[in-house]
Each structure stands twice: as C-alpha cells, then as structure tokens.
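Per-entry structural report
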Amino acid sequence: MRRIKSTRAINATGKGRASIGQLLAVAGVTAGLTTSAVAESVLRVGMTAADIPVNIGQPDQGFEGFRFMGYMLYDALVLWDLSKDKESAKLVPGLAESWEIDPKNDKRWIFKLRKGVTFHDGSPFTADDVVWNFAKVKDDKAPQYEAKQAALVAVRIPALSAVNKIDDYTVEILTSKPSAYVPYQVSFWFMSSQEHWQKTKSWAEFAKSPSGTGPWKFVSQTQRAKVEMVPNKAYWNKARIPKVDRVILRPIPEASARVAALLSGQVDFIEAPPPDSIDRLKSAGMKIITNAYPHNWAVTLSRIPGSPWNDIRVRKAANLCIDREGLNKLLGGLSIPAKGHMPPGDAWFGKPTFEIGYKPDEARKLMTEAGFTAAKPLPIKWAISTSGSGQMQPLPMFEFVQANLNECHFKLEAEVMEWNALTAFSRKPADDKEAVAKGVDGIIVSRALQDPYSAFERVFHSARISPAGSNWGKLKLPVYDELLAKASLTFDKELQDEVLRKVHETAVDNAEWVWVTHDVNPRALSPKVEGFVQAKSWFQDLTPITLKK
Amino acid sequence: MLSYILQRLVYAIPIALGVTIVCFSLVYIGPGDPLSSILPEDAPQAVIDKIKAEYGLDKPIVMQYWLWLSKALVADFGKSIVTGNAVLSELLPALKNSLILAVGGAAVGFIVGAVLGGLAGYFHGRPADRMFTALAITGVSVPHYWLAIVLVIIFSVELALLPALGMTGSGDTSFSFSLENFRHMVLPVVALSVIPAGIVTRTVRSAIAELLNMEFVEALRSKGLTEARILRHVAKNAAPQVLAVMGLQLGYLLGGSILIETVFAWPGTGLLLNNAIFARDIPVLQGTILMLALIFVILNLAVDIAQAVLDPRIKR
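Model, not experiment: these values are computed from the prediction.

Conventions we followed
All residue numbers refer to position in the chain's written sequence, counted from 1. The order in which chains are written sets their letters, starting at A; the order in which ligands are written sets their numbers, starting at 1. Thresholds applied to this predicted model are a pLDDT of at least 70 for local features of residues and 80 or more for the giving and counting of side-chain atom pairs; totals over whole chains, interfaces and linings are not thresholded and use all residues. Calculation of side-chain values draws on the structure's entire complement of heavy atoms; hydrogens and water are dropped beforehand. Salt bridges, as used here, are contacts in which a Lys or Arg side-chain nitrogen is within 4 Å of a carboxyl oxygen on Asp or Glu. In this description a helix means any DSSP run of H or I spanning at least four residues, a strand means any run of E spanning at least two, and both kinds are numbered starting from the N terminus. Here's how the labels work: a residue is buried when its accessible area is under 20% of the maximum for its type, exposed when over 50%, partly exposed in between, all with a 1.4 Å probe on protein chains only. Strand pairing requires that DSSP identify at least two bridges connecting the strands. Helix axes are fitted only over the stretch in contact, all axes being lines through C-alpha atoms; the angle between N-to-C directions runs from 0 to 180 degrees. Pairs of residues are marked as contacts when any of their non-hydrogen atoms sit within 4.5 Å. When two parts are brought into contact, each loses some accessible area as probed by a 1.4 Å sphere; the total of that loss over both is the buried area. Each aromatic pair joins two rings of Phe, Tyr and Trp (for Trp, the six-membered one) with centres within 6.5 Å, and gets the label stacked for planes under 30 degrees apart, edge-to-face for over 60, and tilted for any other angle. A residue's pLDDT is simply how confident the predictor is in it, with values from 0 to 100. Our arc is simply the arc of the directions from the helix axis toward the C-beta atoms.

Attention now moves to the pattern of salt bridges. All names here are of chain A. Using the criterion set out here, one finds 37 salt bridges over all chains in the structure. Note that Glu-97 and Arg-114 form a salt bridge whose closest N and O atoms lie 3.8 Å from each other. Taken together, the positions of Glu-97 in strand β4 (residues 96-102) and Arg-114 in the loop between β5 (105-113) and α3 (127-138) put the pair 17 residues apart, joining distant regions of the chain. Judged by relative accessible area, which is 15%, Arg-114 ranks as buried. The residue Asp-497 makes a salt bridge to Lys-493 at a minimum N-O spacing of 2.9 Å. Placement of the pair is Asp-497 and Lys-493 together in helix α18 (residues 493-509), with a separation of four residues, close to one helical turn. By relative accessible area, which is 7% here, Asp-497 ends up buried. Beyond isolated ion pairs, a larger network of salt bridges with shared partners links Glu-40, Lys-226, Glu-228 and Arg-246.

All names here are of chain A. Read from one edge of the open sheet, seven strands run β8-β9-β10-β1-β11-β20-β12, paired in mixed fashion. Strand pairing shows two members of the sheet lacking a second neighbour, β8 (216-222) and β12 (287-289), which therefore form its edges. The average angle at which neighbouring strand axes cross in this sheet is 20°, direction not considered. Pairing geometry for strand β1 (residues 42-47) and strand β11 (residues 269-271), over two bridges, is parallel. Bridge pairing in β11 places Val-45 opposite Phe-269. On top of the sheet, helix α8 (residues 255-263) reaches β1, β11 and β20 (523-525); it is set at about 170° to β11, its chief contact.

All names here are of chain A. The peptide bond linking Ser-466 to Pro-467 adopts the cis configuration, its omega dihedral lying at 10°. The topology assignment puts Pro-467 in the loop between α16 (452-460) and α17 (478-488). Its identity is not glycine, yet Asn-521 carries a phi of approximately 55°, on the positive side. Here Asn-521 lies in the loop between β19 (514-519) and β20.

Turning to the interface of chain B and chain A, a few remarks are in order. Think of interface size as the accessible area that goes away when the parts come together; that is how it is often given. With 47 residues of chain B in contact, the opposing surface of chain A contributes 44 residues. Taken together, both faces of the contact between chain B and chain A bury some 3800 Å²; the carbon and sulfur share is 52%. The interface formed by chain B and chain A includes four salt bridges. Close ionic contact of Asp-140 of chain A with Lys-50 of chain B constitutes a salt bridge, the shortest N to O distance being 2.7 Å.

We now examine the sheet that holds strand β6 (residues 160-167) of chain A. Residues and elements named next belong to chain A. Spatially, four strands are ordered β4-β5-β7-β6 in an open sheet, and the strand pairing comes out antiparallel. Lying at the two open borders of the sheet, with one neighbouring strand each, are β4 and β6. Between one strand axis and the next, the sheet turns through 20° on average, direction left out of account. Note that β4 and β5 share six bridges and pair antiparallel. Directly across from Ile-101, in β5, lies its bridge partner Trp-109. Together, β5, β6 and β7 (170-175) form the strand contacts of α3, whose direction differs from that of β6 by roughly 160°.

Residues and elements named next belong to chain A. According to the stated counting rule, one finds 38 aromatic pairs over all chains in the structure shown. Seen in terms of ring centroids, Tyr-71 and Phe-190 are 4.8 Å apart; in terms of plane orientation they differ by 75°. Their pairing is edge-to-face. Of this pair, Tyr-71 sits in helix α2 (residues 62-73) while Phe-190 sits in the loop between α5 (182-186) and α6 (194-200); the two residues are 119 residues apart in sequence, bridging distant segments of the chain. With respect to class, Tyr-71 is no different from Phe-190; both count as buried. Three or more aromatic residues link up through ring pairs in this structure, and these residues are Phe-63, Phe-66, Tyr-71, Tyr-74, Trp-80, Tyr-184, Phe-188, Phe-190, Tyr-293, Trp-538 and Phe-539.

Detailed reading of predicted coordinates is not advised where the pLDDT is low. Confidence in the prediction of chain B, expressed as mean pLDDT, is 86, and 98% of residues score 70 or more. Scoring the predicted complex yields pTM 0.84 and, for the interface, ipTM 0.79.

What follows deals with helix α12 (residues 360-369) of chain A. All names here are of chain A. For α12, the complete set of buried residues consists of Pro-360, Ala-363, Leu-366 and Met-367. Buried residues of α12, viewed axially, fall in a sector of 120°; they line one side. For α12, the exposed residues set more than 90 degrees away from the buried face come down to Asp-361 and Lys-365. For α12, the secondary structure elements touched by its buried residues are α10 (312-320), β15 (378-385) and β16 (410-417). Gly-371 sits one or two residues past α12 and shows a positive phi near 100°.

Structure (structure tokens):
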C-alpha cells in the first residue's frame, strides 16, 4: 500500500516566502513522511469469521480464531511447523525448547523453557507465567481465572492436571493419567502476559491491549470491522519476524463480498473463495492457493441398536456409491476425494484393505444382500447445515450425494438445520430424543483431524460419546478403545504413529463412517502477495509474506 | 395536541412491553443455544455450567426475562456472550452507522419516490405513468441483496469506481464528511433506497391520482388557479398518507438491513443482528431488537403527530 502525499511548492520569492531553515524543515518532514509512507507495506486479509476472535489468549471462532489471533499474537509451549507445504505440519519447539516424559513417572512431563523471550509489554517469559496461565484456565479460585477461556481450552488440554515450577525455566506438567498426547495438547494452550494483566486485573482491560509473545503485536481493533497488528521485532525466532509492516484482518463472512473486496483491491488475501468464483479470480490475475490439510467432510453414522448402519454391508455400500470425482468437479476441483478418514498420503493413513471408490454395481449388490432393492430402498436421514465452519458447500454437496445413494437402493432425506442448531444437535448422542424423533441416523459435521485426539479418540473412543467427545453415533468397539489407549501410552512418536495408522486402517476397513471428501483450504491472493507457503494445516503463517511494490 | 401526544405515548408502552416479550420468547423458541457458538462441542459440563451461571442462563426463563427487563429499564442490556463487551457499547456505534445509511437511503428513496410518484400520478394512465409504475414495481420486487451484489460487480469489480465494502478503506468505522466516506456510502445507499423509492412512488402516485379526480380540484381549476398552485393543494392533501408510509420505511431503514449490511460489511445494526443470530448472542439480540422496536414506536409516534399537524381531522 503506497500513500504519497503531494506537497505544494513554496514560492520563495512571493507572498509565502520562507526562510532557508523553514524550507529545510519542511523538506525534512516531507522526506520523512514520504519515506515512511513508501516503506510501509500493509497486508490486508479478508477472514470468513463474522467478528474479531477473542484476543486475550484462547481465541474463539474455531480454528480460524487460532490461525488469525492465537498463533499470531501468542505462542504455546509447543508450536506447529507451518513452513512446509509438502508434508503434514509437525510439532516443533515453541516457548519450550525441549520436553520429555519423566522416565520414572509416566504422568510427569518436564518442559525446558526458552530463555530470553519477552512479552509484547516487555515483561520476561518464565516458568511463573506457565503456572499462572494454567491457573487462568484451570483454577476457578485464581483471580485470573476466566470461565470462557477455560471453556475454550478445556477440551484441548484434557490430560493436564497440574503445572508446577521447578526453576525459572523449567516446569513439570502432571497428567491425570499417562498421556503421550501432551505435546499436541499444549500446542493449543497460549501464554498471556501475567505482568500486563496484573496492571488492571481485568480481562476486559487486557483485551484493549493484549500481550503475548507471538510474532505479531496488537495495535487496535474495531469490533466486526478490523484488527491491526504490527511485527514483533523482538520475536525470539528471528526467521519468523514478519516481513510486512502491518497486517489488517477484516471479518468478511459473506463469500461474494470477500471476492469483490479482493477483485476491487480492498484486501490482498482472502480465505475460502467460493468454487464458482475461481475462474473469475484467476482471470483477474489472482493466485489461488490450495493444499491438503487434516479435514474431512463425512457422515458420522448412528450405531445405536436398531440403526441400519450396524450392518457393515450397508456402510460399505454407501461408501462405494458416491462419485467423489464428480463431486470434485462440482466443487471446481477444490476437494480431494476421500479414501478414508484421513486425507490420502497422510502420515496416519496406513494401508486399509477396503478401497473406497465409486463402484455402484458393487454397492447395489451389497445392498441387495442386506435386503434392500430399488423397489424397497433403505430410508435414511442425515442432519446437515446450510453453512458453517469447514462445511464447504453443504447443501449442493448433500444433494449430489443424495442423488448417488438413491441409485443404490437408499432413500436419503435431509434434516436441514442452521449451523448453530446442528452443533447443538451434535452435542447430544444419536439416541437422544430429538434425534430419534426426527429419525436422524447420520450427521454431517466436518472434522479437524490435526492431532490424535481430534482425529481419532474424540470420534471413535467409547468414552467420548457426545457430549464427552464427538462420538455422536455411540460407536462402541473394544478395538478402538484398546488401540487408542495404546497410542496414548506410546511415548515414542514413530511407534505412536504406527498405532494410529492401525486405528485408521481398522476404521476404513470397518467403514465406520461414510467419508465423502476433504477440503483443500482454498485461498485467493493478490498478485502482489509473495512468499506465502500454505502449510498442510488448519493454521497458517503470515510472517514470510512480502508485498511486491 | 398535548393530550393527543400523551395518549399516543401511553399506547406505546404496552407495545414496547409486548415487543420485549415476543423477542425474548422467539430467541428461546429457536433451535440452537448461545454456548454452541462459543464453546467446543465437547466442552466439559462443569465448564459449561459455569458459563451458564455467569450469563444467568441457568435460571428459569421467566426469571431471566424479569432480570433482563429490570436492567433494560435503566439502559443496561447486559454483556455480549460472544465478545464480553457491554451490549450498549456495541449497539450505539452500530446504530450510528445504520443511521448514516438510513438517512442516505431515505433521502434518495423518498426524493426519487416523490418525484416519480408525483409525475406518475399527474400523468395518470399515460406512458410516463406506465413507465414510472413499472420502475416502482421493479424497485419493490428486485431482491435488494441481489442488486447490491450486481452493483458491486459493476462499480467495484469491473469499473473500479467505488469501494466494495466497509465504511472506510482502512476498515475504520469512524465517519466524517469526507469524500472517502461518501464513496463507501454510495453503493449501500443506492441498494438500500430502491425498495423505499418503489413504495413511495406507488403511494404518491395513487394519492395524487386520486386527489386529482376529486371535486375540490375541479373547484380550484374553475376558480382559475394555476396548475402549480393546484398541485400545492394536492400535495398538502396527499402528505399525511405519504408521510405515514415514509415513516414506516424510515423505521425499516433505521433497523438496518441485515442483507445489505452483510454484503457491504457495513458495521451497523443489521450486521450486528446477523452475527448475533448466528451466534445466538441472546443479550445482543434482545438489546438490539428492543432498541429498534423503541425507535420504530417513536418514529410512528412522530409520524402520527406530524399527520395530526398536517390534517387536524386525524386527532378526532
């Protein structure tokens, strides 16, 4: 963004005569203004969120809040490596330089903290801050306890039971039971500045000038309009000091408005352009960036007694009757046809034997074996939202799948809900009276598969039946409970991945869900935006971006 | 006149109270809940209970209504569940922003409507009438959010003449009488003014056409008055009816158009309501709806009074 102010020439001989000193002063000021204006590069981002995410530490607005407020203003003890677009994002040291499980106590982790890190308010980051931030979300007697922050992070750090200081730069994290997922869990837990909060002892005041240790520093925000940040030049990771001078994040929930804003030059970078805008954006010279990431668009099936989905032939038939390549065309190529729960090529994909694809004849054969024919189709009903986080284009996609399945002896109906209603609906299990009354036997809620808990435990473990997790269908199979218990006790990352691959292979071979597709996280960038690397992650890093003049 | 105003004010109280009950009930009847949008789906029950208690959502609905109403009477609408800010601190700036659009939309809509309607009524049954009536029907029928998108495509994307969204280029929401602010206003104002322009056109047309056929107009003509003076009499007689329609339209505009403000990311009451609906932000919803309802009631009152001033027969 270039803003050069023209200055009127001073007539040195006429009425506006000025001394040489005045002239030099004006010239100096003008030069300064011009230089700083020319030098300032401002990246303007159009988010899909309807409002600015909560900025005091734990963000709301789902993972978009984590992306644009969480990991920009704050750091966690463990971070994600968002610098690569060829492989799944991995955990890397953040505010902790290293961590290890206590060899004598598998419920005790030791985290060695990074030295020399300061919060944006200048206060140093030490072990006291980690302990203080734990009380902020776990100890409701602590003065800094904030109920909403607690609620937002509770599900992300379920294993953590206590945090104690060992010395200024070492903390122990205790867990209620042994858990190898602790490094993943702490990656979602952000550190706010204790010293800054102590000045007012009010989170409402803290929100006016939030202070973390992240690569970006807060400048200002206007609710529902924008938030501005500038680089944290003192950031501990010099490679991640932002290259632009300022970033402005604007909530623009309406997809066509985001596209128009990009095309008209009001923003430089937009999230989730709709498929039907891609050609127009490309023809205007915009860059469309996509990449696989841990997301799926699938149907969680009811497994309560009496559900037709208890028959594996029916589950497999549904998985074999969806023309995912055709759906991909409908989505303008912005999807990856599902081959399982995880996107193909993911580190946890493994080698399932059940090959998901479009095989309608095989599907019809399975349905016939299960007792259903074209004359006597199986009536099924899935709850679907009209829009919502990660839901892609839910209604056209549903109609496409519906047309497919109705060719394979199914008779699929929709129970259409607004997104908030669907999330409330999914908090109660499949045998809840509302689901039973509506006859719903499947729900379409897109899933984030970032970590072992979100990808598998939350949806397949019998202890995670909604609302204790997202196992809406009440799937109860000992094989998952055993494998997931083993994974959570396997502290060696490679071995843990091996167990998780086994979980995935089992789930696909059992066709536990109907997997449809994976989003590719499309973004559209102005041609002047350079250096952005789209990681295979829900989170992204804006720090390497530069703006071409 | 004073007793008339007092009488109308007394009528407004039960209307406002009824509005509070209806809006409170509707929010609860709808599916979904306010915590679904701010908490992860598997947030622990103990934490959910704490949040509920913090916002008073754990109390019986009647008690919640009473607590809310008693605070609302002293202009305390509580805190937004989503942002944690006082509702009033979010509502007042949004109201100001919607007012800016409403005044612009009303000015354009009413002027265009009065002119086109006047001409259509005066040339009743002639080509000009048919043309302006067709325009009015189009204005009323065209979905204004669609028109808004088309305007953006033409004037922002293709011609790059006007900004596509926001109140300012930087995303600030401060308003000043600057060229930048006016440029940002043009498209939303035009999109917003189309429906009122159509409605006012039709109202003015029918009022003028009807009045021009009345005997008093014949009498004025026979007395030798010029057409301009006759039209002045006709306009004065048409005014109460037209004013009532304009008042209603202004009320709608002040409420902020959810669709227009969403398309243009204009941070007014429409966008505030839209966000609050999707997030089930009950305090914001209730505070905003009540405030808009009160404005509507007050506007109607003002229109009633203006009508009474223009046509003393209405008081009887």
